[in-house]
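Reading the structure
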Amino acid sequence: AGPAPDPATMERRLRDGLARRWPRLAEQPGRYRQAPVSFSRDGIPLVEACGPGLWVLAGFSGAFSELPAAAAGLAAELHASSR
């Protein structure tokens, strides 16, 4: 809830943190991008069809570690079933 953090401030914080461990990485050009990520309090994710050709993946408690594998698995299953 509340307003989104200022992108310039967040990029500075990210680069400051990177500079302590990987100075060369902190100096690389790039843009800081914010994206909303949903999390689940009970740890049970939602992976469900919500219309023809439209699937939802949401509510992962460890979204950054769990979601890429879940999305790849779902994509593989959808691709296989469409043949």
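It should be noted that the structure appears before, not after, this text.
Residues numbered from 1 in each chain as written. Predicted model: local features only at pLDDT ≥ 70, side-chain atom pairs only at ≥ 80, totals over all residues. Heavy atoms only, no water.

1. A look at the pattern of salt bridges
Per the counting criterion, the structure on display carries 2 salt bridges. One salt bridge in this structure joins R15 and E11, with 2.9 Å as the shortest N-O distance. You can see R15 and its partner E11 sitting in helix 1 (residues 7-21), 4 residues apart, about one turn around the helix. Residue R15 is classed as partly exposed on the basis of its relative accessible area, which comes to 23%. Take E11: its relative accessible area is 22%, and that puts it in the partly exposed class. Here R12 and D16 are joined by a salt bridge, their closest N and O atoms 3.8 Å apart. Of this pair, R12 and D16 both sit in helix 1, 4 residues apart, which is roughly one turn of that helix. (Salt bridge = Lys/Arg side-chain N within 4 Å of Asp/Glu carboxyl O. Helix = DSSP H or I, 4+ residues; strand = E, 2+ residues; numbered from the N terminus. Buried < 20%, exposed > 50% of the residue type's maximum accessible area, 1.4 Å probe, protein only.)

2. Overview of the pairing of strand 2 (residues 54-58)
As judged from the 5 bridges shared by strand 1 (residues 46-51) and strand 2, these two strands associate in the antiparallel manner. Note that in strand 2 the partner of E48 across the bridge is V56. Counted between consecutive antiparallel strands, the loop separating strand 1 from strand 2 contains 2 residues, among which G53 sits at a positive phi close to 75°. (Pairing = 2+ DSSP bridges.)

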